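# Analysis of the macromolecular model
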Amino acid sequence: MAKAKVKTKAKAEGELSWKEIEIGCFITEPGNATEFRTGDWRSRKPVVDFSKCNKCTLCYYYCPEGCVAKTPEGYFEADLFYCKGCGICAEECPKDAITMVEEEK
Amino acid sequence: MAKRVGLEVSVAVGDAAKLANVDVVAAYPITPQTHIVEHLAELVANGELRAAYIPVESEHSAMSACLGASAVGARTFTATASQGLELMHEVLYVASSLRLPIVMAVANRALSAPISIWCDHSDAMAVRDTGWIQIFVENGQEAVDNVICAFRIGEDRRVLLPVMIHLDGFSLSHMIEPIILPEQSEVDRFLPPYNPPLPLDPEKPVTVGAFAPPFIYTEVKWAQEMNLEAAKEVISECWQEFGKTFGRYYSPVESYRTEGAKVLLMTMGSLSETAMVAVDKMRSEGKEVGLIKLRLWRPFPFAELRQAVKDAEVLIVLDRALSFGGPGGPVCSEVKAALYREAKRPAVVGFVGGLGGRDISMADFEEMVSQGIKIAQTGSEREFEIFGVRE
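This report concerns the structure included in the present document. (Residues numbered from 1 in each chain as written. Chains lettered and ligands numbered in written order. Predicted model: local features only at pLDDT ≥ 70, side-chain atom pairs only at ≥ 80, totals over all residues. Heavy atoms only, no water.)

### As for the packing of helix H9 (residues 271–284) of chain B against helix H12 (residues 362–378) of chain B
All names here are of chain B. Running from amino to carboxyl end, H9 crosses H12 at an angle of 65°, the nearest separation of the two axes being 8 Å. When the axis of H9 is compared with that of H12, the two are roughly perpendicular. H9 and H12 meet at a crossing whose hand is right-handed. Residues Leu271, Thr274, Ala275, Val277, Ala278, Lys281 and Met282 of H9 touch H12, and the partners they reach there are Met362, Phe365, Glu366 and Val369. In terms of residue class, the contact of H9 with H12 is made up of eight nonpolar, one polar and two charged. (Axes fitted to C-alpha atoms, helices over the stretch in contact; angles between N-to-C directions. Helix = DSSP H or I, 4+ residues; strand = E, 2+ residues; numbered from the N terminus. Parallel < 35°, antiparallel > 145°, perpendicular 65-115°, else oblique. Left-handed = near helix turned anticlockwise from the far one by under 90°. Contact = heavy atoms within 4.5 Å. Nonpolar A, V, L, I, M, F, W, Y, C, P; charged D, E, K, R; others polar.)

Encoded structure:
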């Protein structure tokens, strides 16, 4: 499973003081939206039963967040750093291999 | 050496933008601003000004085009008034938040309805919270000088904010006045080229105007506020430097014959000229009356104002705008707020007048002073007084 590439050199946005913000809140690093954790919006997460999965890739294509990636074994799984828990993968899975499970608080 | 010539103030404002060597002008004509942008369009069309003139279909588009131009690093100028300024409203916030030093001349005009093409400050006051620097001028020379200063102030790395130069519609914009246009070489020395820190550049891409979640928005807004606050120093510094170079000095709060004055009038814009003559007359009659002219409206010069009025007993503030259902004129309520924490402060009496081009004469100022003194002694049931309304 692909890990989210989170840069650690800079402070997380939530820790920046007002003095450290770029002029006009410009973003100077292209593609740094990858550092934005969208996974914390989620109330339910997709859990894959690999014994049912036939590696059809539909979840990979349907994921609106593009956060489903191939595992070393050739299965597909969502990166929970980004997954917003929309449930589309579970809905579309022809093998019912994906279950949406309540996040534990 | 620059010569003093007779010029329509609007034309002179256009010439000042030319002297500042603007790269882009995007504007939509509206009375009484029209002559400013007409003149600039002519200068560009005649090849006298090497700039892009972007004719747009509305003021909303004008300011939007200015945003883009300024973001790539162009020195950008526009002008508007009244409804035009209001149509720009939402884009004004974007300009200041993105820290783009656009300069805009505003030929102050009343707001509809009923339609009025004449001057008051309703348009200027409605945009006071948009994060722009707002400077009021009282004659044509001041308009020219401050358009040039506006670029230097706004583009300063310590500021990077847009600037509005407020000149009263018709009573300034359409007057022919003796004006000194500085020499190009002098302006070039005074105003360095615009060198933006983060221009839009394909070689070094940046994202402008991205979204900010709740965990960062407050910090961004506070940075903006601190920046506008810090701009005060740069503004004063620029005016000092301008004075040294061109011999004409400006300051955030200006005092006229205030020595020993128990009563102070306070005005903004072109009426200050009439008020000065009224003060001269009252002084000649032995009345201890002086005048405070507020030049810098945003960022508000709290310290300078407190200093300027501290010895007065009565301060009579004239506003040319109404804040409906509120405490009266915006200037007066700001002044009251500024003085609230002072142990010793003058009694503040607020008048609203000069709306929609209604003239305020010398005699009116005298009347305002005598009414103001009376109200300061006896108090009033109202939060503010409306001047000259027919019952």
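### Structural notes on the layout of surface pockets
All names here are of chain B. Looking at the second largest pocket, its volume works out to about 370 Å³. What lines the second largest pocket is a set of 18 residues, and nearest its centre among them are Arg128, Gly131, Glu225, Leu228 and Arg298. Secondary-structure elements contributing two or more residues to the lining of the second largest pocket are helix H4 (82–97), helix H8 (214–246) and helix H11 (330–339). Among the elements that make up the lining of the second largest pocket, the one with the highest residue count is H8 (five residues). Of the residues in the lining of the second largest pocket, the class split is six nonpolar, five polar and seven charged. Of the domains in this structure, domain 1 (4–246) and domain 2 (253–386) are the two that each give at least three residues to the lining of the second largest pocket. (1 Å grid on protein atoms, 1.4 Å probe; cavity = no way out; pocket = protein on both sides within 12 Å on 5 of 7 lines; lining within 4 Å. Points joined across faces, edges and corners; volume = space filled by probe spheres on them. Domains from an automatic or database assignment.)

### Structural notes on the sheet that holds strand S3 (residues 52–55) of chain B
Strand pairing in a sheet relies on backbone hydrogen bonds, with the paired strands running either antiparallel or parallel. All names here are of chain B. Within the open sheet, the seven strands sit side by side as S3-S2-S4-S5-S7-S6-S12. Their pairing is mixed. The sheet terminates laterally at S3 and strand S12 (296–298), the two strands that pair on one side only. Strand-to-strand twist across the sheet, computed as the mean angle between neighbouring axes with direction ignored, equals 20°. Note: strand S2 (residues 24–27) against strand S4 (residues 76–80), two bridges, orientation parallel. Along S4, the bridge assignment pairs Val25 with Phe77. Against the sheet, helix H6 (residues 140–155) contacts S4, strand S5 (103–108), strand S6 (133–136) and strand S7 (163–168), and its axis sits at roughly 170° relative to S7. (Pairing = 2+ DSSP bridges.)

### Side note on the side chain of B:Glu385
Considering the arrangement of structural elements, one finds B:Glu385 in strand S15 (residues 385–386). Excluding residues within four positions of it along the chain, B:Glu385 makes contact with B:Gly350, B:Phe351, B:Val352, B:Ile375 and B:Ser380.

### Concerning the interface of chain B and chain A
Contact residues are listed per partner, giving 20 residues for chain B and 15 residues for chain A. Regarding the contact of chain B and chain A, the summed buried area is about 1,600 Å², with carbon and sulfur atoms giving 79% of it. If you look at where chain B meets chain A, you find zero salt bridges. In this assembly, chain B and chain A are joined by one residue pair in polar contact (both at pLDDT 80 or more). Counting residues per element, the side of chain B that touches chain A draws most heavily on H8(B), at seven residues. Residue composition of the side of chain B that touches chain A, grouped by class: 16 nonpolar, two polar and two charged. (Buried area = accessible area lost by both parts, 1.4 Å probe. Salt bridge = Lys/Arg side-chain N within 4 Å of Asp/Glu carboxyl O. Polar contact = N/O pair within 3.5 Å; in protein donor to acceptor, adjacent residues only side chain to side chain.)

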